[in-house]
Amino acid sequence: MRWKWILLCVFIYGSALYSSLHVYSGQNKTTVEDAGKLLPVKMKIVYDVHSTSDLQQWVKKANETGETIAIAGMQHSQGGHTLYPNGTLFDMKGYNKILDFSPKKKKITVQSGVTWADIQKKINPYGLSVKVMQSQNIFTVGGSLSVNVHGRDIRYGSLIDTVDSFRLLTPDEKIISVSREENSDLFSYVIGGYGLFGVILDVTLELADDELYHHRSVVMNYNDYENYFREKVKQDDSVRMHLARISVAPETFLKEMYVTDYVLTDHQDKREKYLELKKEEMIALPKFMLGLSRYSDWGKDLLWETQKMYFLKNDGKYETRNNVMRSDSEFMEYENPNRTELLQEYFFLLSILLHTSMIQEEFWKKKNLIY
Ligand SMILES: Cc1cc2nc3c(=O)[nH]c(=O)nc-3n(C[C@H](O)[C@H](O)[C@H](O)COP(=O)(O)OP(=O)(O)OC[C@H]3O[C@@H](n4cnc5c(N)ncnc54)[C@H](O)[C@@H]3O)c2cc1C
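Notes on the structure in this doc start here.

Things to note about the overall build of the protein chain
Scanning the protein chain from terminus to terminus reveals 10 helices and 15 strands. Split into buried and exposed, the 371 residues of the protein chain put 43% on the buried side. Counting only contacts in the protein chain whose residues sit at least 6 apart along the sequence, the fraction spanning at least 24 positions is 68%. Surface exposure of the protein chain reaches about 20,400 Å², of which carbon and sulfur atoms provide 56%.

Regarding a nonpolar patch on the surface
Taken together, the side chains of Y84, Y189, Y194, L196 and F197 define a hydrophobic patch exposed on the protein surface, amounting to about 510 Å² of accessible area. Its place among the elements puts Y194 in the loop between α5 (184-190) and β11 (199-209).

Observations concerning the sheet that holds strand β12 (residues 212-221)
Read from one edge of the open sheet, 4 strands run β13-β14-β12-β15, paired in antiparallel fashion. Two strands bound the open sheet, and with one partner strand each, they are β13 (239-246) and β15 (318-320). Here the average twist between neighbouring strands, direction ignored, is 30 degrees. In this sheet, strand β14 (residues 256-264) lies alongside β13 in antiparallel orientation, the contact comprising 7 bridges. Bridge pairing in β14 places M241 opposite Y262. Strands in contact with helix α6 (residues 225-234) are β12, β13 and β14; relative to β13, the strand with the most contacts, it is inclined by about 170 degrees.

Observations regarding the site of the ligand
Around the ligand sit 30 residues, and of these I71, G73, Q75, Q134 and T140 come closest. Contact distances for the ligand include 2.8 Å between an oxygen atom and a backbone N or O atom of Q75. Contact distances for the ligand include 3.2 Å between an oxygen atom and a backbone N or O atom of Y194. With the chains in place, 92% of the 970 Å² that the ligand exposes on its own is no longer accessible. Sorting the residues of the shell around the ligand by element identifies β4 (69-72), α4 (141-147) and β11 as the ones contributing at least two each. Looking at which element gives the most residues to the shell around the ligand, the answer is α4, with 4 residues. A breakdown of the residues in the shell around the ligand according to their chemical character gives 12 nonpolar, 17 polar and 1 charged.

Regarding the nonpolar core
Core analysis: the largest hydrophobic core is formed by 40 residues, its most contacted members being W116, I119, V141, L145, V163, F166 and L205. Counting residues per element, this core draws most heavily on β11, at 4 residues. In this structure L145 touches L159, V163, F166, V190, I191, G192, I200 and V203, once residues within four positions along its chain are discounted. By size, the runner-up hydrophobic cluster in this structure holds 11 residues, among which are Y47, W58, M92 and V199.

What about the pattern of salt bridges?
Opposite charge on two side chains permits pairing when their charged atoms draw close. Scanning the model with the defined rule gives 19 salt bridges in all. Note that R167 and D202 form a salt bridge whose closest N and O atoms lie 2.8 Å from each other. With R167 in strand β9 (residues 163-169) and D202 in strand β11, this residue pair connects regions lying 35 residues apart in the sequence. Using a relative accessible area of 28% as the deciding quantity, one classes R167 as partly exposed. Residues K278 and E319 are paired through a salt bridge, measuring 2.7 Å at the closest nitrogen-oxygen approach. Taken as a pair, K278 in the loop between β14 and α7 (284-295) and E319 in strand β15 lie far apart in primary sequence, 41 residues in all. Each of the salt bridges in this network shares a partner with another, and the network as a whole consists of E256, E305 and K308.

Details of the packing of aromatic side chains
This model, assessed by the stated rule, comprises 11 aromatic pairs. Centre to centre, the rings of Y47 and F90 are 6.2 Å apart; their planes meet at 40 degrees, and the pair counts as tilted. Remark: F90 occurs in strand β5 (residues 88-91) and Y47 occurs in strand β3 (residues 45-48); sequence separation between them is 43 residues. Here the two residues Y47 and F90 agree in accessibility, since each one is buried. Each ring, one from F101 and one from Y126, has its centre 4.9 Å from the other, and the planes form 80 degrees; the classification is edge-to-face. You can see F101 sitting in strand β6 (residues 98-102) and its partner Y126 sitting in the loop between α3 (116-123) and β8 (128-130), a full 25 residues away along the chain. Under the relative-accessibility criterion, F101 is labelled buried at 14%.

So, the sheet that holds β4
Spatial ordering of the open sheet is given by β3-β5-β4, a layout of 3 strands whose pairing is parallel. Of all strands in the sheet, those bounded by a partner on one side alone are β3 and β4. Direction aside, the axes of adjacent strands within the sheet are offset by 25 degrees on average. Relative to β5, β3 runs parallel, the two sharing 4 bridges. Bridge assignment links V46 to a residue of β5, and that residue is L89.

The rules behind each value
Counting of residues starts from 1 at the beginning of each chain's written sequence and follows it residue by residue. Local features are withheld for residues below a pLDDT of 70 in this predicted model, meaning they are given only at 70 or higher, and side-chain atom pairs are given and counted only at 80 or more; totals for whole chains, interfaces and linings count all residues. Side-chain numbers here rest on the full set of heavy atoms in the structure, without hydrogens or water. Helix and strand assignments follow DSSP, with helices taken as H or I runs no shorter than four residues and strands as E runs no shorter than two, numbered in order from the N terminus. Throughout this description, buried means an accessible area under 20% of the type-specific maximum (1.4 Å probe, protein chains only), exposed means over 50%, and partly exposed covers the range between. Residue contacts follow a heavy-atom distance rule, with two residues in contact if any of their heavy atoms lie within 4.5 Å. Using a 1.4 Å probe, the Shrake-Rupley method yields the accessible areas, and only the shown protein chains count as cover for residues. Nonpolar side chains (Val, Leu, Ile, Met, Phe, Trp, Tyr) are joined into patches within 5 Å and like charges within 9 Å, using only residues with over 30% relative accessible area and no salt bridge. Here a salt bridge means any side-chain nitrogen of Lys or Arg lying within 4 Å of a carboxyl oxygen belonging to Asp or Glu. Should DSSP find at least two bridges between two strands, the strands are taken to pair. All axes here are fitted lines through C-alpha atoms, helices being fitted over the stretch that makes contact, and every angle between N-to-C directions spans 0 to 180 degrees. Residues are labelled near a given molecule or strand when at least one of their non-hydrogen atoms is within 4 Å of it. Identification of polar contacts relies on pairs of N or O atoms within 3.5 Å, with a donor-acceptor requirement for protein atoms, meaning one able to donate a hydrogen and the other able to accept it, and with residues adjacent in sequence counted only if both atoms are side-chain atoms. When residues are sorted by character, Ala, Val, Leu, Ile, Met, Phe, Trp, Tyr, Cys and Pro go into the nonpolar class, Asp, Glu, Lys and Arg into the charged class, and all the rest, Gly among them, into the polar class. The set of buried Ala, Val, Leu, Ile, Met, Phe, Trp, Tyr and Cys residues whose side-chain atoms join them within 4.5 Å is what this entry labels a nonpolar core. Classification of ring pairs uses Phe, Tyr and Trp, with its six-membered ring standing for Trp, and accepts pairs whose centres are within 6.5 Å; under 30 degrees between planes counts as stacked, over 60 as edge-to-face, and the remaining range as tilted.

What follows is the structure in structure tokens.
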């Protein structure tokens, strides 16, 4: 019976993939959408940005004709809020040069269309690493600054803490330097400002030392997480990064968790051996399983159990900081024209979240609705 289901799911998944290739292949370049694919927007013109002087001229032109400007990196910020119908779009992906790199000062200056993957490639041979970035390395630096991202490293705050300075092309076509000292009010407006204050041109970022970590993975009930985090993670400086996942699979829904700590090892001399930047090895299998999980509850359970097993199997594994932050998550790409997946992030104070779920559980227990 289960095999019939698997075959059916393979068929559905395969047909969806095939038809998606047809729908998107003929699309007009000025019809643009973010990775959520729910709200295609017709722009008047899309510029591929390669030079600062072009950008300056295009902003001037837009001012003269009263056009509205939107800015795009990899377009993974979803919800349609980053595009203006019938406006001018600057596609920043081609504005991607590394302008300066000083291993001694541990600083790098890049144009805002550079991705984290580009930076990792450049700095890895020098034993350096990014301080804060997303878990994935596919995003542009400009898009990441504009949403002020957070990452797995729990010892730094969000990205803003690691930005030294940047240059900004303002709506009145001026190019200004922004740092904590110069035009300082704009520093916190632009970082996290979703492109509303101008175009970020180039950015100087502070870098950290690349380090060797070992994975420590544990499965637990969500009730135990708060103590675990307080005692085993927060108080232990050798835990440099931390990842916690809670189940959304029916059998263990919002109960079971697995966590992975990336712990500084005493064997830093072994780092050389693990230096090579990893490539995503397994794509087809996780992609297939993710596909199954979209269509059935047992698929969701299967995916959860497999992911959990994978993380537990890696317990004790050595990995450099650069490699921990190196997933390109190709397996998550979803090409179905009739369905989509949206990333939603909720920010809670941890103790409030855990406390609320405990109160809820107590409440339902009293009502004899859960046991
Ligand atoms: C699979 C996945 C995993 C993620 N993981 C994390 C995570 O771990 N932590 C986290 O914090 N977030 C995470 N995110 C969210 C992600 O960090 C943001 O969506 C980020 O903006 C993506 O960068 P981008 O290059 O796609 O930016 P875009 O979506 O293209 O742009 C984002 C915003 O920045 C503006 N912008 C882009 N370039 C410039 C520029 N040069 N100057 C001025 N404004 C500009 C755009 O107008 C837009 O408003 C994740 C998203 C996905 C899809």
